[in-house]
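What follows is each chain in one-letter form.
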Amino acid sequence: MLQRNIIYKLCLVLCFSCNKEQPQNPGNQFEFLSSSETGIHFINSIKNTQELNILNYLYFYNGGGVAIADFNNDNLPDIYFTANQGPDKLYLNKGNFHFNDITEIAAIDNSESWTTGVTTVDINNDKLLDIYVCKVGKHLSVKGHNLLYVNQGINEEGIPTFKEQSELYGLNIAAFSTQAAFFDYDKDHDLDLFLLNHSIYPNRNYGKGFKRQVKDMASGDRLYENKNGVFADVSENSGIFQGNIGYGLGIGISDLNNDNYPDIYIGNDFFENDYLYSNNKNKTFTELIHKNPLQLGHTTHFSMGNSIADINNDGLMDIVSLDMLPEDLKTYKRSGKEYDYQIYHYYLKNGYAPQFMQNTLHINRGKFNFSETAYLSNIAATEWSWSPLIADFDNDGFNDMYITNGILGATNDMDFINFIANEEIQKKIASGLTKSELKFIEKIPKKKTANYFFKNRNGLQFENITDHWLRFNKDSYSNGASYADLDNDGDLDIVVNNSNENAYILKNNTLENQGNTNYLKVHFKGPEKNRYGIGSKVTLYANHKMLTRENYTTRGYLSAIPPQLHFGLGEIILLDSLRITWPNDKEEVIQKIEANNTITLDYLNAKSVSKKERKTNRQKNIKRVKKIAFKHKDNTPVEFSRDPLIPYALSNCGPDISIADVNNDRLEDLFISGAKGQPSAMFIQNEQGKFTRHQEALFSKTLLNEDISHDFGDINNDGYKDLIIVSL
């Protein structure tokens, strides 16, 4: 019933959104800042070579990341870019969107390929942020390990210097690493590490789902526990999967069931399930999707980056995962299609969960129950997408979305697939390509696409507002991205890392254009072993509204945001209260906070709260109603064998449900349609809320029909609701 209510709300929003006024200053919300304006001259240059190329490393075109953090404690966010083949760069924020390249002075030296993601952490709790960089370990000509640049302090010129010390902390990991996330999974007050890795094996060799339980040291994900400042691999007994069928590209950390323990969402490319890890509160996790393939209904198929945030302001964290469904019809027709039904059905029988090539938005309904609404929310198709940034970009109190797009070589293009599948071509690739044969790669079509802005309309519906928020939008090969208030004016700016093009900044002009929007920024002064309060949850209350944010830095794709929170407040100028819950369950409530400020929450002011004192309404309550004795049973469709191009099976068009007071007792009754060979059913409600099947013999007469739609109406004007049924 709750799902139907969500759909009804979405439909209402869709109806009224047509009359929404467009922004007063279309195209002025954001503006591109050129390299000459910012001083950022960074290009992630990617070039195929005989030793390493898109034909022998499937993630060759996946791009680099960006981390934003204040590395010299001057209250100006700085920027770190990763480059796949070239040197990473660190830019110091000098104010007013001017940046200096301090890479060499700061002793950052990461110029060997292959680099992927980046995140930040205060590894030694000295109140100085450090940098953790992920790399691909031994693969063909590539050799290396992950790097930890520990902040050594700030010199007289205000420049931070770093020292590579990954070995000292047990983090010099040589694997096929994608990204890392620091969080306190065991609530012992220090930060642990989840390392997301990816397989490099051809995805056609997937086999059965149980392969996810076979450990692979290079491709498998890892969990590291912080033991007195040194990180120990505890993956084997933690309940996480470490198989070579995991193509991990996205990681999100969040308390998804509001028990104040961090859970994990992993996005896997290709056939392997995404992983939804529930924290068991005993240093182990339970992966929910393989235990119940319908746990999320369905997930993205070719999962890219993901992000977790509260989309509809109900205090529950929702999940956005990106895929590569084209919005452009021409691109869609040229792209590789989903599996045939027979293959897909076989795939499900082999231990995999339902997946579809589309973005997904899983609205959290509490207790790991979700409703997937991407199509209804208007975000399902955004081309070849990488990073979803979820934040309140217009300060109206709802989280909006920015999505990066583009790839240097669309390897799912059908013309290229047919070309590369040639047996002779495959032999040449296997034996190593000559310099002249590298021209094969030039046949891969490029996919240069504009990035998207989506404005959140009232919590469940998004509007593609790209052209209204960004004048002169341009196509790009954008990958990692991050956000922060770079100029400290109260709105969030965006930094994007592009492949073979200059990285750029999008300056947010919300405060200049809209004087009636307000904000609050929250910084953290955490406990001794978690100085930046990673894992803290902050909820604001005002005007019967509730806004919730979590303080985790790893976000989107290969990237990280600063360890602080930003709240758009709309027209609210005074908050009723703010509640912070620290990772160890201590809490603080602050009353009457004025908007347009930056506040620092101090752990020393928090107090322990017993379970009895905790308000039960922080966990959204889902009341389990009495079950109705009906289960729809579809037959195996045959249409896909007869006509592979048919969009959906005509024999599986139900069930439908209609509600009306059939017997005029002022209680709503139900009619549910059955499948072919299954009678539909009428249920009459009594005063105790129980439903009893009614007139079974009548509906059994037409059990061979596929009742696909129906409705109630007083056809003969006798005061009783009649039933109209449409059947196949």
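Residues numbered from 1 in each chain as written. Predicted model: local features only at pLDDT ≥ 70, side-chain atom pairs only at ≥ 80, totals over all residues. Heavy atoms only, no water.

### Some words on empty space enclosed by the protein
Where we set the bar: Each cavity reported here is a set of points on a 1 Å grid over the protein atoms alone in which a 1.4 Å probe fits but cannot get out, each pocket an open set with protein on both sides within 12 Å along at least five of seven lines, and each lining residue one with an atom within 4 Å of a point. Grid points are joined across faces, edges and corners, and a volume is the space filled by probe spheres set on the points. The way it works is that DSSP assigns letters per residue, a run of H or I at least four long becomes a helix, a run of E at least two long becomes a strand, and they are numbered from the N terminus. Gly falls in the polar group here, along with every residue not listed as nonpolar (Ala, Val, Leu, Ile, Met, Phe, Trp, Tyr, Cys, Pro) or charged (Asp, Glu, Lys, Arg). Domains are outlined according to an automatic or database domain assignment.
Within this structure, the stated rule accounts for nine cavities of 30 Å³ or more. Each pocket or cavity is described by its volume, and for the largest cavity that value is around 270 Å³. Tyr483, Ile561, Gln564, Leu565 and His566 are the residues nearest the centre of the largest cavity, which is lined by 22 residues in total. Where the lining of the largest cavity is concerned, the elements lending two or more residues are β19 (306-309), β24 (385-391), β30 (478-484), β35 (545-550) and β38 (565-570). Looking at the lining of the largest cavity element by element, the count peaks at three residues for β35. Residues belonging to the lining of the largest cavity are distributed by class as follows: eleven nonpolar, four polar and seven charged. Here the second largest cavity defines a volume of roughly 110 Å³. For the second largest cavity, the full set of lining residues is Asp184, Lys187, Asp255, Asn260, Tyr261, Pro262, Ile534, Gly535, Lys537, Glu550, Tyr552 and Pro583. By residue class, the composition of the lining of the second largest cavity is five nonpolar, two polar and five charged. When residues of the lining of the second largest cavity are sorted by domain, at least three fall in each of domain 1 (30-410 + 446-514) and domain 2 (518-608).

### With respect to the domain arrangement of the chain
Each domain of the chain was delimited in the assignment, giving domain 1 (30-410 + 446-514), domain 2 (518-608) and domain 3 (638-727). A C-alpha centroid distance of 49 Å is found between domain 2 and domain 3.

### Quick notes on the sheet that holds strand β32 (residues 504-508)
Rules: A pair of strands counts as paired when DSSP detects no fewer than two bridges linking them. Fitting a line to C-alpha atoms yields each axis, with helices limited to the stretch in contact; the angle taken between N-to-C directions then spans 0 to 180 degrees.
Sheet architecture is open: four strands sit in the order β1-β32-β31-β30, paired in antiparallel fashion. Taken across any chain shown, the strands that pair with only one partner, and hence form the sheet edges, are β1 (30-33) and β30. Looking at each pair of strands side by side, their axes are set apart by 25 degrees on average, direction ignored.

### Focus on the pattern of salt bridges
Selection rule: What makes a salt bridge here is a side-chain nitrogen of Lys or Arg within 4 Å of a carboxyl oxygen of Asp or Glu, nothing more. In this scheme, a residue with accessible area under 20% of its type's maximum is buried, one over 50% is exposed, and one in between is partly exposed, where area comes from a 1.4 Å probe on protein chains only.
A complete count under the given rule lists 17 salt bridges for this structure. The salt bridge involving Asp585 is made with Lys187; its shortest N-O contact spans 2.7 Å. You can see Asp585 sitting in the loop between β39 (574-581) and β40 (587-594) and its partner Lys187 sitting in the loop between β10 (177-183) and β11 (192-197), a full 398 residues away along the chain. Using a relative accessible area of 25% as the deciding quantity, one classes Asp585 as partly exposed.

### Comments concerning the side chain of Ser235
Rule in force here: As used in this structure description, the phrase polar contact means that two N or O atoms lie within 3.5 Å; if the pair is within protein, one of them must be able to donate a hydrogen and the other to accept it, and residues adjacent in sequence are counted only when both atoms belong to side chains. Residues count as neighbours in contact if any of their non-hydrogen atoms are within 4.5 Å of one another.
Following the sequence through the fold, Ser235 ends up in the loop between β13 (230-233) and β14 (248-254). Classification of Ser235 by relative accessible area gives buried; the value is 1%. Within polar-contact distance, the side chain of Ser235 engages the backbone nitrogen of Leu223 at 2.8 Å. At 2.5 Å, the side chain of Ser235 and the side chain of Asp233 are in polar contact. In this structure, Ser235 is in contact with Asp221, Arg222, Leu223, Ile240 and Gln242, ignoring residues within four places of it in sequence.

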